[in-house]
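# Observations on the model geometry
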Amino acid sequence: MQCHKCHKENINKANYCRYCGTKFSEEEKEKASYYGIVGILRRIEKWYKATTAYDITQELWFKLSSVIILLVSGIYWTISLGTGIHLLESSLYHVFYQQEQDEYYVFVNGPKEDILEVPLQIYIPNTVDGLKITHYDEDNSVISEEEHGTKSELSLPVNISGNTYYIISDISNNEKPLKIRIYYGE
Ligand SMILES: [Zn+2]
């Protein structure tokens, strides 16, 4: 859900914007959830209940709606996560994509000082031969650079500091690089 004041992305169930503190109205939250996966499933359920009133066997409609649910959710995830290199959600953090800056913000769960490093879960398409992970400081100077081989998923321990950032790129430059900043959550 996009904040009407600062236009930054927030999760659909948020009550307040995590960037500027603006309160979201019930109407805004409802509208956002309408386009989210839960909203889509709810509309399918409603449609299913409405159509079962017709004189057609329950079983047929059940099969048909299951297929539609699979199709719709498949399309939804492809749009939201993309098919290229991307960050996977984890119980240890939440990922937010900032469209304006084209950056990923990772908010690490748990209190400050307890965790200094977090394993980032990264999805790697099988067309990628290897990844290069570069850590930059606030003046855009390279702190460290590492290469990783191919696997479908990589768990990368990274330092938590919003002042520095990471660029994750495909060594053969076929995929769009990701820019990531890591912060402590609440
Ligand atoms: Zn805001």
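Now for a quick tour of the structure. (Residues numbered from 1 in each chain as written. Predicted model: local features only at pLDDT ≥ 70, side-chain atom pairs only at ≥ 80, totals over all residues.)

## Some words on the overall build of the protein chain
Per the secondary structure count, the protein chain includes 3 helices and 9 strands. The N-to-C order of helical and strand elements in the protein chain reads α-α-α-β-β-β-β-β-β-β-β-β. Across the 186 residues in the protein chain, those meeting the buried criterion constitute 12%. (Helix = DSSP H or I, 4+ residues; strand = E, 2+ residues; numbered from the N terminus. Buried ≥ 20, exposed ≤ 12 C-beta atoms within 10 Å, placed from the backbone.)

## Here we look at the pairing of strand β9 (residues 178–184)
Judged from the 5 bridges that link them, strand β3 (residues 103–108) and β9 form a sheet pairing that is parallel. If you follow V106 over to β9, its bridge partner there is I182. (Pairing = 2+ DSSP bridges.)

## Structural notes on the sheet that holds strand β6 (residues 142–148)
Across the sheet, which stays open at both edges, the 6 strands sit in the order β2-β3-β9-β8-β5-β6 with mixed pairing between neighbours. In this open sheet, the two strands that pair with only one neighbour each are β2 (93–98) and β6. Recorded for the sheet is a direction-independent mean angle of 25 degrees between the axes of neighbouring strands. (Axes fitted to C-alpha atoms, helices over the stretch in contact; angles between N-to-C directions.)

## A look at the environment of Y19
Positionally, Y19 belongs in the segment before α1 (26–35). Residue class for Y19 comes out partly exposed when judged on the 16 C-beta atoms lying within 10 Å of it. What Y19 contacts, discounting residues up to four positions off in sequence, is C3, C6 and K8. (Contact = placed C-beta atoms within 7 Å.)

## Focus: the nonpolar core
Ranked by size, the top nonpolar core spans 17 residues in total, and within it V106, I168 and I180 carry the most contacts. Looking at this core element by element, the count peaks at 4 residues for β3. Once residues within four sequence positions are removed from consideration, I180 is found in contact with Y104, V106, Y165, Y166 and I168. (Core = buried A, V, L, I, M, F, W, Y, C linked by C-beta atoms within 7 Å.)

## Brief notes about the pairing of strand β4 (residues 117–123)
In β4, alternate side chains face the same way, and those of V118, L120 and I122 are buried while those of E117, P119, Q121 and Y123 on the opposite face are not. Pairing of strand β1 (residues 86–87) with β4, which is carried by 2 bridges, proceeds in the antiparallel orientation. When the bridges of β4 are listed, H86 appears paired with Y123.

## Considerations on unusual backbone geometry
Within the chain, H7 stands out as a residue other than glycine whose phi angle is a positive 65 degrees. The backbone of N140 sits at a positive phi, close to 65 degrees, despite the residue not being glycine. Tracing the chain through its elements places N140 in the loop between β5 (131–136) and β6.

## Observations concerning the environment of N140
By C-beta crowding, N140 is classed as exposed, having 8 other C-beta atoms within 10 Å. Taking the C-alpha atoms as reference points, N140 and Y165, separated by 25 residues in sequence, lie 8.6 Å from one another.

## With respect to the environment of V106
Note on placement: V106 falls in strand β3. Note: C-alpha distance between V106 and Y184 (78 residues apart in sequence) is 8.1 Å. V106 has contacts with Y93, V95, L120, I180, I182 and Y183, leaving out every residue within four places of it along the chain.

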